[in-house]
Amino acid sequence: MRLGGVGKRYGRHAPWILREVDLTVEPADLVRIEGPNGSGKSTLLRLVAGIERPDTGRVEVAGRTAYVPERFPPALPFDARGYLHHLGRIHGLTAGEARRRAGYWLDRFGIADRAGTPIGRLSKGTCQKVAVAQALLAEADVLLLDEAWTGLDRAARTLLDEAVVERTAAGGRVLFVDHDPHRLAGLTTAGYAVADGRLHAVEPPEAGAGPGPEPAVAVEAVGPLPPRLPGAPVRIPLGDGATRLEVAARHSDALLRRLLTSTPPVHIRAVRAVDEPPGPAGTGEPPVPVAAVDGGLGEVR
Ligand SMILES: Nc1ncnc2c1ncn2[C@@H]1O[C@H](COP(=O)(O)OP(=O)(O)OP(=O)(O)O)[C@@H](O)[C@H]1O
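In this text, all values refer to a predicted model and were calculated from it rather than measured experimentally.

Undergrad: Explain the site of the ligand residue by residue, including any values.
TA: In the vicinity of the ligand, 14 residues are found, and the nearest of them are Gly38, Lys41, Ser42, Thr43 and Glu70. Measuring from an oxygen atom of the ligand, one finds a backbone N or O atom of Gly38 at 2.8 Å. For the ligand, an oxygen atom lies 2.9 Å from a polar atom in the side chain of Glu70. When the ligand is considered free in solution it has 630 Å² of accessible area, and contact with the protein chains removes 62% of it. Sort the elements by how many residues they give to the shell around the ligand and helix H1 (residues 41-49) lands first, with four residues. Across the shell around the ligand, the residue classes break down as three nonpolar, seven polar and four charged.

What follows is the structure, given as structure tokens:
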């Protein structure tokens, strides 16, 4: 996904909202976009979604795109299940698959009992769950989330966090706008602030370095590593050109996917559970063969 020299204004004599925006997003990237109200964050996501056209420059997006808009259209002539099914079909799913995934996400968000309720009669939070579900069921290559957590209850916010991690672990690119600086902290691979129509790279907040007290996984990787990695792993040089990366287990899939899809690819020598504090190579559980890791991820090429 690439934006080159993108400019946008709403009308020929209107002020520029975005100018000369360059942005490249690779598979498995999780990108945070921040900035003050009215700075152009939603405009940027709408350009990537193809809802707006740039006035200058190019927007190149390969693959399927799914988008959670900041505002859900209020008057839709559907019930929740019918809407998800309809959107699934628009995303190119067969009728059977669209129905299956609609049911799956209604269940996962705990709103299966409201599947037959017209969208206009759903509560705000339930409506937002449907808005999020329509994007997640697409299993898109590019997932765009515009303040998608707003209005969700705690369980649904956690579910959306997990779904984002799942999407990036599967090689998807995720861009999100959110005003909470801690949203997905430690998982983002890049962060940008929109200000004065420009996109400025910012250092995304860390979740606190390293895995903490929860179950952790150590990955021994050989080769140059990307500067930012999912889960903000602790990096321990092993002295033979390899690096031991220790990360919370829930981020290990995303980390492995990011390593295996980086250019040039990183060679993964071993993956093991960590059940003791960071130490030299050879501590912890016996290494898991890399082939098993590849098999577990499913789509690694
Ligand atoms: N369809 C439109 N027509 C005209 N102006 C628009 C349109 N959409 C957005 N704008 C203007 O473009 C500017 C950027 O809006 P945008 O919604 O992209 O900002 P934002 O950073 O997402 O703001 P917020 O944090 O409040 O959601 C604002 O001045 C807004 O009024």
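Undergrad: Describe the packing of aromatic side chains, and please don't skip the residues or the numbers.
TA: Overall, the coordinates contain four aromatic pairs when judged by the stated rule. With centroids separated by 5.9 Å and ring planes inclined at 55°, the aromatic side chains of Phe78 and Tyr83 adopt a geometry described as tilted. The exposure class assigned to Phe78 is partly exposed, which follows from its relative accessible area of 24%. The class for Tyr83 is buried, based on a relative accessible area of 7%. Ring geometry for Trp149 and Phe176: centres 5.6 Å apart, planes at 70°, overall edge-to-face. You can see Trp149 sitting in the loop between strand E6 (142-146) and helix H5 (154-169) and its partner Phe176 sitting in strand E7 (residues 173-177), a full 27 residues away along the chain. As far as burial versus exposure is concerned, Trp149 and Phe176 are alike and both buried. Among the aromatic residues, ring-to-ring pairing joins Tyr104, Trp105 and Phe109 into one connected group.

The rules we used
- Residues numbered from 1 in each chain as written.
- Predicted model: local features only at pLDDT ≥ 70, side-chain atom pairs only at ≥ 80, totals over all residues.
- Heavy atoms only, no water.
- Near = heavy atom within 4 Å.
- Polar contact = N/O pair within 3.5 Å; in protein donor to acceptor, adjacent residues only side chain to side chain.
- Areas by Shrake-Rupley, 256 points an atom, 1.4 Å probe, with all protein chains shown as cover.
- Helix = DSSP H or I, 4+ residues; strand = E, 2+ residues; numbered from the N terminus.
- Nonpolar A, V, L, I, M, F, W, Y, C, P; charged D, E, K, R; others polar.
- Phe/Tyr/Trp six-rings, centres within 6.5 Å; stacked < 30°, edge-to-face > 60°.
- Buried < 20%, exposed > 50% of the residue type's maximum accessible area, 1.4 Å probe, protein only.

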